[in-house]
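One-letter residues, chain by chain:
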Amino acid sequence: MPNKSLDIPIEGMTCAACSNRIEKVLNRMPGVEANVNLALEQASVTITDEQVSAQDVAKKIEDLGYGVKAEQLDLDIYGMTCSACSARIEKVLNKMDGVQSATVNLAAETASVAFEQGIATASDIIEKIQKLGYDAKVKTTQAEKTEAKSKEYEKQKKKFILSALFSLPLLYTMLGHLPGNLALPVPAVLMNPWLQFILAAPVQFYIGGQFYRGAYKSLKNKSANMDVLVALGTSAAFFYSVLEGIRAWLHPGYEPHLYFETSAVLITLILLGKLFETRAKGRTTEALSHLLSLQAKNASVLRGEEEEQIPVEDVKAGDIIVVRPGEKIPVDGELIFGEAAIDESMITGESIPVEKRPGEEVIGATINKQGMIRIKATKVGKDTALAGIIKIVEAAQGSKAPIQRIADKISGVFVPIVVGIAVLTFLAWFMIVEPGNAAKALESSITVLVIACPCALGLATPTSIMVGSGKGAETGILFKGGEHLEMAHKVNAVILDKTGTITVGKPSVTDIDCNDEDVLAYLVSAENASEHPLADAIVRYGKEQGVEMKQVTEFQAIAGHGIRAVIDGRQILVGTRKLMSDNLVLYQEKVKKAEELETQGKTVMFIAVDGKLSGIVAVADTVKDHAKETISRLKEEGIEVLMLTGDNERTAKAIAGQVGIDRVYAQVLPEQKAEKVKELKAQGKTVAMVGDGINDAPALALADVGIAIGTGTDVAIEAADLTILGGDLLLIPKAFRLSHAVMRNIHQNFFWALAYNSAGIPIAAAGLLAPWVAGAAMAFSSVSVVSNSLRLKRVKL
């Protein structure tokens, strides 16, 4: 065996002692020479002993407490025909040295492989797949993949048409075998064995050659797939007919039993079924295609004073881009010139355009409805918000839900069992039912082989996951994977963070009671000089009301109490009761109203002008639209709803009361949020945590389903299992409803796929089905499963 050289990236080394220790231990292994470089964080290893594998070296490094850096590889797989193919590839990849995990998705025709760098390479993995008889390429863009599938579809369509032309005369001969008066006259020339041979042979070996190639590669790798069943069934029919034809030729007057039409029509029907299936599967990724279509194709970039139209892929961070009314914003950026109304409905779901001013962020693929602007590109390519959404949807559609493992296990053993049943069927007919009748025995065994194909079983889960995650994306619900889509339907307890989740996350003026209009102007002008968050709410309210700002000549912030200002020579006080008392202002007439507002969780400030009480203003973090309806819907679904907040108990209970939440945990520290999740899980609950802030991330990660609000922080979104775009809380119950619909759809698919096979095999074995009928049924079983999955596109959430 030639020496094997590896460059293994190592994680976790902190000093020379680490690298020396790893080097020393590796060099003690028989036939291993190692040099560990701390600066490069890499081990250069040469293995001379064939008993030592690269995996042994990696395991030794990990046993020492360090890690081998992992890499994610996403592949497009070509040539899979049924779940036995995907299960075989997955099983072999998972046994490879250096592969941590491999998931193969039949419906998406993709593989996701996590492997240790240096131990395995992308080319090793692709080569292994090719040795199994399939082809693999590093994942291309959705547009390239769609084009490749379109070309393959056209190629298969031409094959089907050719196959149909050769098969139609043979199909007509079957009409002569119909019972009684139903039989049609068939020209004698069509009954000639040699003419039938000439018509059937191209279908069997040229058009059906793909089944032979697939069967050979499958059997070569000691497994069996759909191609094996088709090749066995059609070959038996074809070659038996050839023998019968020779017998008729050698013995004039002998009436041959020909099954050329069976093999040709079977192949034609299977090709037709595959065409329908391919077209239907194409519709499962329509949501992803829609997302891709949202991207702008070009951008007007300023080069000096000149505008230059360039493809959006060529835009770099820092480029200045001109966006005119009606145009899509090409990339994420910061508005640096002009004002605009931006339609952000594709991200937030909010149909009303958002006013944007210099310094504010804009999102790529949103539409500039009004005003010419210039933006500075901040995130381009794969870093944009839309690219992130597309990546999440692709990952979800390509992932595997736990329920899929059941289908994989069944499919793995199904084909060998079916071949066994077909053999027993032949023997039973030939030796017991109709002794010596080889034709009937062969026909029954062929029918068993054909009808039992497990294609529908393999498509049952992935097609539902693909359509479901696509439907979610169109609605504004992003599941990160099939396992999260499956888990969501089990949730029976939801914890909602208060600030930024149930509430808007920033204070607003909710009530104001002033003696005259001038008081409002004094209040807003005085607060405009303050930096307090509550002051910002009052100033924002003033601008909305069109209040004219007055000049402040003196200003003083009194910590914990309020502010003092002089405007137009008048003394203005805004703040607490204590501030009023200290300045001898009689405020009792407004106390009752203030207390009433405070019981609602609002912060009340008293306003005095020249030593006389002039009004009160209440500020609060307002409840989001639909929050109450969301809680109501969750309760209707039988889900317990709880609220967590760091706020005081009075404010927390006030907000909870407004939206209908019964259980409230107030004054909870960020680190205690995760503990609350643990407590509920310990009670046997399946818990969903909904949050938007950095402090929610640990709880989101610990929950059975972590739900991030899309308007929240990147950290929260990263930690969550699903994200709802924008701040619409109604998407939470919709996400659970979608999960229920997907799981119901998967169970329906499983039922029909298994019921079809379970019922079909005994009927076929009993000789009650013609092989061509079995072929049609098998071909359309897959189409029916995909079509059932497509119903999810119309489900109402």
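Just so we're clear, the structure is a prediction, and the values are computed from it rather than from any experiment.

Visitor: Please clarify how the pattern of salt bridges should be interpreted in this entry.
Guide: Oppositely charged side chains can pair when the atoms bearing their charge come close. Per the counting criterion, the structure on display carries 23 salt bridges. When the shortest N-O distance is used, the salt bridge between Glu154 and Lys157 registers 4.0 Å. Placement of the pair is Glu154 and Lys157 together in helix α5 (residues 142–174), with a separation of 3 residues, close to one helical turn. A salt bridge links Arg570 to Asp610, with the nearest nitrogen and oxygen atoms 3.1 Å apart. Linking Arg570 in strand β23 (residues 570–575) with Asp610 in the loop between β24 (603–609) and β25 (612–623), this pair joins segments that are 40 residues apart in sequence. The class for Arg570 is partly exposed, based on a relative accessible area of 32%.

Visitor: For this particular structure, what's the right way to read helix α1 (residues 16–27)?
Guide: Residues separated by three or four positions in an α-helix point in the same direction, a consequence of the helix having 3.6 residues per turn. A rise of 1.5 Å per residue sets the reference length of α1, with its 12 residues, at 16 Å; its end C-alpha atoms lie 16 Å apart and thus fit the reference within 8%. Restricting attention to buried positions, one finds in α1 the residues Cys18, Ser19, Ile22, Val25 and Leu26. The arc that holds every buried residue of α1, seen down its axis, measures 135°, which confines them to one face. Along α1, the residues that are exposed and aim more than 90 degrees away from the buried face are Ala17 and Lys24. Next to the buried residues of α1 lie β1 (4–11), β2 (32–37), β3 (42–47) and α2 (54–63).

Visitor: When you look at the packing of α1 against α2 in this model, what are you seeing that I'm missing?
Guide: Relative orientation and spacing of two packed helices are given, respectively, by the angle between their axes and the distance between those axes. Across the interface, α1 lies against α2 with an axial gap of 10 Å and an inter-helix angle of 140°. By the angle class used here, α1 and α2 are oblique. Crossing of α1 against α2: the hand is right-handed. On α2, the residues touching Ile22, Val25 and Leu26 of α1 are Val57, Lys60 and Ile61.

Visitor: Honestly, the UniProt feature "transmembrane region" (unreviewed entry) in the chain in this entry has me stumped. Any pointers?
Guide: According to UniProt, the feature "transmembrane region" (unreviewed entry) maps to residues 160–178, 184–207, 228–250, 256–276, 410–432, 444–461 and 749–766 in the numbering used here. Split by type, residues 228–250 is 100% helix and 0% strand. Its first and last C-alpha atoms lie 32 Å apart. The span residues 256–276 is 81% helix and 0% strand, and its two end C-alpha atoms sit 35 Å from each other.

Visitor: Would you take a moment to explain the packing of aromatic side chains for this structure?
Guide: Aromatic ring pairs: the centre-centre distance and the angle between the two ring planes describe each pair. With the rule as written, the count across this model stands at 11 aromatic pairs. Seen in terms of ring centroids, Phe238 and Phe239 are 5.4 Å apart; in terms of plane orientation they differ by 90°. Their pairing is edge-to-face. Ring centres 5.7 Å apart and planes at 10° place the aromatic pair Phe426 and Phe430 in the stacked group. One end of the pair, Phe426, and the other, Phe430, are both in helix α13 (residues 404–433), 4 residues apart, so they sit about a helical turn from each other. Put simply, the rings of Trp194, Phe197, Phe205, Tyr212, Phe238, Phe239 and Phe260 pair up and form one aromatic cluster. The aromatic ring of Tyr206 is capped on one face by Lys159, whose charged end is 5.9 Å from the ring centroid. One cation-aromatic arrangement involves Lys440 over Trp429; the distance from NZ or CZ to the ring centre is 5.4 Å.

Visitor: Whenever I open this one, the sheet that holds strand β10 (residues 306–311) confuses me. Can you help?
Guide: Two modes of strand pairing occur in sheets, parallel and antiparallel, and in both the strands are linked by backbone hydrogen bonds. The strand order across the open sheet built from 6 strands is β10-β9-β11-β17-β12-β15, with neighbouring strands paired in antiparallel fashion. The outermost strands of the open sheet, each flanked by one partner alone, are β10 and β15 (361–362). Direction of pairing for strand β9 (residues 298–303) relative to β10: antiparallel, over a ladder of 6 bridges. The partner of Ser300 across the bridge, within β10, is Gln309.

How each quantity is defined
Residues numbered from 1 in each chain as written. Predicted model: local features only at pLDDT ≥ 70, side-chain atom pairs only at ≥ 80, totals over all residues. Heavy atoms only, no water. Salt bridge = Lys/Arg side-chain N within 4 Å of Asp/Glu carboxyl O. Helix = DSSP H or I, 4+ residues; strand = E, 2+ residues; numbered from the N terminus. Buried < 20%, exposed > 50% of the residue type's maximum accessible area, 1.4 Å probe, protein only. Expected span 1.5 Å × (residues − 1). Arc of directions from axis to C-beta. Contact = heavy atoms within 4.5 Å. Axes fitted to C-alpha atoms, helices over the stretch in contact; angles between N-to-C directions. Parallel < 35°, antiparallel > 145°, perpendicular 65-115°, else oblique. Left-handed = near helix turned anticlockwise from the far one by under 90°. UniProt positions renumbered as here; feature names shortened; annotations may be inferred. Phe/Tyr/Trp six-rings, centres within 6.5 Å; stacked < 30°, edge-to-face > 60°. Lys NZ or Arg CZ within 6 Å of the ring centre and 35° of its normal. Pairing = 2+ DSSP bridges.

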